[in-house]
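Residues per chain are reported as follows:
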Amino acid sequence: MPVQVYINGTFYDQADAKVSVFDHGLLYGDGVFEGLRSYGGKVFRLDEHINRLWDSARAILLEIPMSREEMAQAINDSLAKNSIQDSYIRTIVTRGAGILGLDPNKTSDPQVIIIADSITLYPDEFYEHGLEIITVSVVRNHPEALNPRIKSLNYLNNILAKIEGLRAGCVEALMLNHKGEVAECTCDNIFLVHDGVLITPSVDVGILEGITRDAVIELAQKAGIEVRQHPLFKHDVYTADECFLTGTAAEVVPVVKVDSRKIGDGKPGPMTRDLKDRFHLLART
Ligand code: PMP
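Residues numbered from 1 in each chain as written. Predicted model: local features only at pLDDT ≥ 70, side-chain atom pairs only at ≥ 80, totals over all residues. Heavy atoms only, no water.

**What about unusual backbone geometry?**
Formally: Helix and strand assignments follow DSSP, with helices taken as H or I runs no shorter than four residues and strands as E runs no shorter than two, numbered in order from the N terminus. Only protein chains enter the calculation, and the probe is 1.4 Å; a residue is then buried if its accessible area is under 20% of its type maximum, exposed if over 50%, and partly exposed in between.
The phi dihedral of Asp109 falls on the positive side, at around 55°, and the residue is not glycine. Locating Asp109 in the fold gives a position in the loop between strand S5 (87-94) and strand S6 (112-118). Look at Asp109 and you get exposed, because its relative accessible area is 54%.

Below, the structure is given as structure tokens:
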């Protein structure tokens, strides 16, 4: 069945869901988005995603032409309209159609688009045996250039890293920041375990503050695990006992090899497996 796509209050068959070729979202990546997930018809951390969308929009001086409550309603309506329980939901707000020139003041009508579709999951073997990733040469955006905290439509930084990873046979790729500190993967945050302590790069390193990341930190703290957030280097990754990634689509996925080096004993570690199960349960209850 074709996906029913929400655009500015109306649902369209996916083939008829269109925006202008003059939209600055297309011309310049001028806009913001969120990737959400529903489990059994309920959106996981809907308010957190909506708040992050509003923060991203605010950071680029884009006014979303509806309230947060209306957005929540529109997202839930999209699920109902598509009769979909377990879905991946993409919410996009573009700057709207303008002229061929950067000036956002020459645009009108920001477009609010919601696509609730089925989700493509990583294969089970990634969760059972873990992923192999590489560190790529593409440096994560400098926070003073385009802050990675903004989930903007301009994802070329991540796409270039993804291409480099794919060409090396890896579905995820680790990016460092301009100082050589570990930042994040192309669409996932990274965690390490060292001597029973869970460590993840702090937000000021220049990363997206992942909603799955926040949930995993909370789960770990509740389980009595010490969690630290501070800058990390490749050395810390190579010498970690365990490593895993978090993201809306991936949830918690173990990493067992980085730059062809085994992490720990080359198998998903006990804390990773425990937090993976805890997150799995949290998202589904
Ligand atoms: N980092 C980047 C660059 C991402 O695109 C994503 C996916 N939104 C994440 C981290 C993970 O964030 P979340 O847990 O909110 O999906």
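So, next bit.
**Thoughts on the pairing of strand S1 (residues 4-7)**
We apply this condition: Strands qualify as paired when DSSP identifies two bridges or more between them.
Because side chains alternate across S1, one face comprises the buried residues Gln4 and Tyr6, and the other comprises Val5 and Ile7, equally buried. Connecting the antiparallel pair S1 and strand S2 (residues 10-13) is a turn made up of two residues, with Asn8 showing a positive phi of about 45°. Relative to S6, S1 is paired through two bridges, and the arrangement is antiparallel. Bridged to Ile7 within S6 is Ile113.

**Here we look at the packing of helix H6 (residues 211-222) against helix H8 (residues 270-283)**
This is how the line gets drawn: Every angle, taken between N-to-C directions, lies between 0 and 180 degrees, and every axis is a line fitted to C-alpha atoms, over only the stretch in contact when it is a helix. Any angle between 65 and 115 degrees counts as roughly perpendicular, while under 35 counts as roughly parallel, over 145 as roughly antiparallel, and the rest as oblique. Two helices crossing with the near one rotated counterclockwise from the far one by less than a right angle form a left-handed crossing, whereas a clockwise rotation gives a right-handed crossing. Throughout, a contact is declared for two residues whenever any of their heavy atoms are within 4.5 Å. Just so you know the grouping, Ala, Val, Leu, Ile, Met, Phe, Trp, Tyr, Cys and Pro go in nonpolar, Asp, Glu, Lys and Arg go in charged, and all remaining residues, Gly too, go in polar.
Packing of H6 against H8 brings their axes to within 10 Å, and their N-to-C directions diverge by 110°. When the interaxial angle is binned, H6 and H8 end up roughly perpendicular. Crossing of H6 over H8 shows right-handed handedness. Of the residues in H8, those touching H6 at Thr212, Ala215, Val216, Leu219 and Ala220 are Leu275, Arg278, Phe279 and Leu282. Taken together, the residues that form the contact of H6 with H8 break down as seven nonpolar, one polar and one charged.

**Some remarks on the sheet that holds S1**
Taken together, six strands build an open sheet; the order of strands is S2-S1-S6-S5-S3-S4 and the sheet is antiparallel. Looking at strand neighbours, the two that pair on one side only are S2 and strand S4 (42-43), the edges of this open sheet. Strand direction decides the pairing type here: strand S3 (residues 31-39) and S4, joined by two bridges, are antiparallel. Pairing of Ser38 across the sheet is with Val43, part of S4. Sitting on the sheet, helix H2 (residues 46-59) is in contact with S3, S4 and S5, with an inclination near 175° to S3. Helix H3 (residues 68-81) rests against S1, S2, S3, S4, S5 and S6 of the sheet, and its axis sits at about 35° to S6.

**What about the site of the ligand?**
What counts here: Nearness of a residue to a molecule or strand requires only that one of the residue's heavy atoms be within 4 Å of it. Polar contact is defined as a pair of N or O atoms within 3.5 Å, subject to the rule that within protein one atom must be able to donate a hydrogen and the other to accept it, and that residues adjacent in sequence are counted only when both atoms are side-chain atoms. Residue exposure ignores everything except the shown protein chains as possible cover, and the areas themselves are Shrake-Rupley values with a 1.4 Å probe.
Neighbouring the ligand are 17 residues; Lys151, Tyr155, Glu184, Thr212 and Thr248 lie closest to it. The side chain of Arg52 places a nitrogen or oxygen atom 2.9 Å from an oxygen atom of the ligand. Within the side chain of Lys151, an N or O atom sits 2.8 Å from a nitrogen atom of the ligand. Look at the ligand: alone it shows 390 Å² of surface, and the protein chains cover 96% of it.

**Concerning the nonpolar core**
Our working rule: Among the buried residues, those of types Ala, Val, Leu, Ile, Met, Phe, Trp, Tyr and Cys that are joined through side-chain atoms within 4.5 Å form a nonpolar core.
One finds Val32, Ile64, Met66, Met71, Ile75, Ile89 and Val93 to be the most contacted residues of the largest nonpolar core, which totals 25 residues. Mapped by element, the contributors of at least two residues to this core are S3, H2, H3, S5 and S6. Excluding residues within four positions of it along the chain, Ile75 makes contact with Leu36, Val43, Leu46, Ile50, Ile89, Thr91 and Ile114.

**Considering the side chain of Glu184**
The topology assignment puts Glu184 in strand S9 (residues 182-185). Engagement of the side chain of Glu184 in a polar contact is seen with the side chain of Arg140, the distance being 2.6 Å. Only 3.2 Å separates the side chain of Glu184 from the backbone nitrogen of Leu208, close enough to count as a polar contact. Those residues in contact with Glu184, other than ones at most four positions away along the chain, are Arg140, Pro148, Ala173, Leu174, Met175, Asn189, Ile190, Gly206, Ile207 and Leu208.

**Looking at the domain arrangement of the protein**
Frequently, the measure chosen for interface size is the accessible area removed from exposure when the parts meet. Defined as follows: Note that domain bounds follow an automatic or database assignment of domains. The buried area of a pairing is the accessible area, by a 1.4 Å probe, that goes missing from both parts when the two are put together, added over both. Salt bridge, as used here, is a side-chain nitrogen of Lys or Arg placed within 4 Å of a carboxyl oxygen of Asp or Glu.
As assigned here, the protein comprises domain 1 (4-118) and domain 2 (124-284). The distance between the C-alpha centroids of domain 1 and domain 2 comes to 26 Å. If you look at the interface, domain 1 gives 24 residues, while domain 2 gives 20 residues. For the pair domain 1 and domain 2, the summed buried surface comes to about 1700 Å²; carbon and sulfur atoms form 64% of the total. For the salt bridge of Arg37 with Glu251, the shortest nitrogen-to-oxygen distance reads 3.4 Å. Across the domain 1-domain 2 interface, the total number found is nine residue pairs in polar contact (both at pLDDT 80 or more). The element that contributes the greatest number of residues to the side of domain 1 that touches domain 2 is S3, accounting for eight residues. Partitioned by chemical class, the residues of the side of domain 1 that touches domain 2 number eleven nonpolar, seven polar and six charged.

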